[in-house]
Amino acid sequence: MASMPADRSPDSTLALLRSGYRFIGERCERYGSDIFRTRILLAPAICLRGRPAAELFYDNERFERANAMPLRVQRTLTGRGGVQGLDGPEHRDRKAMFMSIMTPTAIRRLGELFDDEWQTRIPAWEGAGPVLLYDELGRLLTRVVCAWAGVPLPASQVERRAVELHAMIEAPAVVGPRHWRGWLARHRAERWLAALIERTRAGFSPAPTGSALAVIAEHRDRRGKLLPRRIAAVELLNVLRPVVAVDQYLVFAALALHDHPAWRERVRDDDETAEQFVQEVRRYYPFFPMAAARVRHPFDWQGHHFPRGRRVLLDLYGTNHHPSLWPQPELFRPDRFTGRRVDPFELIPQGGGDHWAGHRCAGEWITIDLMKRAVANLTTAMRYDIPAQNLALDLHRMPALPPIGLTLTNIRGTA
Ligand code: HEM
């Protein structure tokens, strides 16, 4: 049996919080190995990166998700009892519920709502002073996703719900007040949506057919039972929260257009080029650093032993920056996708493998569609300036957005 390189520290949780996105990658480089063992949250863990590791990690026979996610992530980002922590037939059933929402027609409708809302906002941005893109898009996506999902949202509540959704996204990897704000935000949002599920089931708040609210409120599990209303609220939040989180990628896309202005022309002219640009934004910029699972049955892989129950962390960011998959990974180069077929374990910012059978992100197509539409809006529907500001990404922070999420000035519509 090969000996697995080991992190020397008695516990690496703080190092993980401090190193952020580079935690696994830095150690892999130090040990000359894409696998090493460490201790996280006072328990042994195995860290992996790269394509073969991703293929292993998404093998449902070898890994399970029950109790894999640290409590601080469940308390803020994902909630408890949702699809992320399910395994086997229960997971397949719940995941099918999500995938049934993601029809081409529904994705197009979300995109059209997004474009309409963006174009309606341009006159207001024209007259305004500096526009903070991250905050502005957070509100815009909150309005759009609620309208799309069938969730009633009075204009007076948009700001509050957008702040809550952002708080949940920003909380898992921080300590102190920002973490507790995320915890409180989740508590409030679950209460709000559980009450809505109850009203919908009772017929007082009818949901449009096929909307996320209708599908989740009416979903029956394999035993024919409706989801408990709190779990239904967690799952509805699993649609609202990540659609709003796409605003981070939209800020990154705007940054990439700013840093690589030659691509502005190219993405405008051709849909395939726009898609390559968006794929490179998803590869290059940091989002979720890693995914967690536990060993279901003991097994050996590449001469290393994986004992039952061991927590395993797959480096999503590090796989997207692995030099054997992506030559010169630290360069932003959308044309690396020209003529390249990407298999399900290579480009994994939203997980790998199969969307239905495994835990790969249910909202990946939505994400790509919204990003392409945002790029089109930024390059054709308006002109703007980006004044001098601190645009550095801090890879030690999760999420790693620039400090105030990108300020635009002098916005002018082109219509
Ligand atoms: C901002 C862009 C997004 C990123 C970076 C992202 C990333 C991820 C990641 C890393 C996972 C976990 C993969 C794993 O556990 O192996 C995931 C799962 C999931 N995502 Fe996304 N996501 C995004 C957008 C969305 C959207 C727009 C939706 C829904 C509309 C969505 C819904 C989900 C759901 C339901 C799961 C759980 C899937 C499962 O456990 O089977 N995500 N996402």
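- An unreviewed UniProt entry annotates the chain as Fatty-acid peroxygenase of Micromonospora luteifusca.

1. Focus: the environment of Arg 266
- For Arg 266, the location among the structural elements is in helix H12 (residues 262-269).
- It is 33 Å that separates the C-alpha atoms of Arg 266 and Ile 101, two residues lying 165 residues apart in sequence.

2. Structural notes on the site of the ligand
- Residues in close proximity to the ligand total 30 residues, the closest being Tyr 58, Arg 65, His 91, His 359 and Cys 361.
- Within the contact set of the ligand, an oxygen atom lies 2.7 Å away from a side-chain nitrogen or oxygen of Arg 65.
- Taking His 359, its side chain carries an N or O atom lying 2.7 Å from an oxygen atom of the ligand.
- Where the shell around the ligand is concerned, the elements lending two or more residues are helix H5 (88-101), helix H11 (229-259) and helix H15 (364-381).
- If one sorts the elements of the shell around the ligand by residue count, H11 sits on top with 7 residues.
- In terms of residue class, the shell around the ligand is built from 18 nonpolar, 9 polar and 3 charged.

3. Overview of helix H13 (residues 271-284)
- Compared with an ideal rise of 1.5 Å per residue, which puts 14 residues at 20 Å, H13 spans 20 Å between its outermost C-alpha atoms and is within 8% of the ideal.
- Counting buried residues in H13 gives 10 out of 14 residues, a clear majority hidden from the surface.
- Turning to H13, its buried residues are Thr 273, Ala 274, Gln 276, Phe 277, Val 278, Gln 279, Glu 280, Val 281, Arg 282 and Arg 283.
- Structurally, H13 contributes buried residues whose contacts are with H11, H12, helix H14 (316-320) and H15.

4. With respect to the sheet that holds strand E10 (residues 407-413)
- Pairing within the open sheet is antiparallel, and its 3 strands lie in the order E4-E10-E9. Of all the strands in the sheet, the pair left with one neighbour each is strand E4 (131-132) and strand E9 (382-385).

5. Looking at the coordination of the iron atom of the ligand
- What the protein offers the iron atom of the ligand as a donor is a single atom, Cys 361 (SG), at 2.3 Å.
- Considering the arrangement of structural elements, one finds Cys 361 in the loop between H14 and H15.

6. Focus on the packing of H5 against H11
- At their nearest, the axes of H5 and H11 sit 11 Å apart, and the two run at 45 degrees to each other. The pairing of H5 with H11 is recorded here as oblique in orientation. Classified by chirality, the crossing of H11 by H5 is right-handed. Residues Arg 94, Met 97 and Phe 98 of H5 pack against Ile 231, Glu 235, Asn 238 and Val 239 of H11.
- A per-class count over the contact of H5 with H11 returns 4 nonpolar, 1 polar and 2 charged.

What counts and how
- Residues numbered from 1 in each chain as written.
- Predicted model: local features only at pLDDT ≥ 70, side-chain atom pairs only at ≥ 80, totals over all residues.
- Heavy atoms only, no water.
- Helix = DSSP H or I, 4+ residues; strand = E, 2+ residues; numbered from the N terminus.
- Near = heavy atom within 4 Å.
- Polar contact = N/O pair within 3.5 Å; in protein donor to acceptor, adjacent residues only side chain to side chain.
- Nonpolar A, V, L, I, M, F, W, Y, C, P; charged D, E, K, R; others polar.
- Expected span 1.5 Å × (residues − 1).
- Buried < 20%, exposed > 50% of the residue type's maximum accessible area, 1.4 Å probe, protein only.
- Contact = heavy atoms within 4.5 Å.
- Pairing = 2+ DSSP bridges.
- Donors = N, O, S within 2.8 Å, 3.2 Å for Na, K, Ca; no water.
- Axes fitted to C-alpha atoms, helices over the stretch in contact; angles between N-to-C directions.
- Parallel < 35°, antiparallel > 145°, perpendicular 65-115°, else oblique.
- Left-handed = near helix turned anticlockwise from the far one by under 90°.

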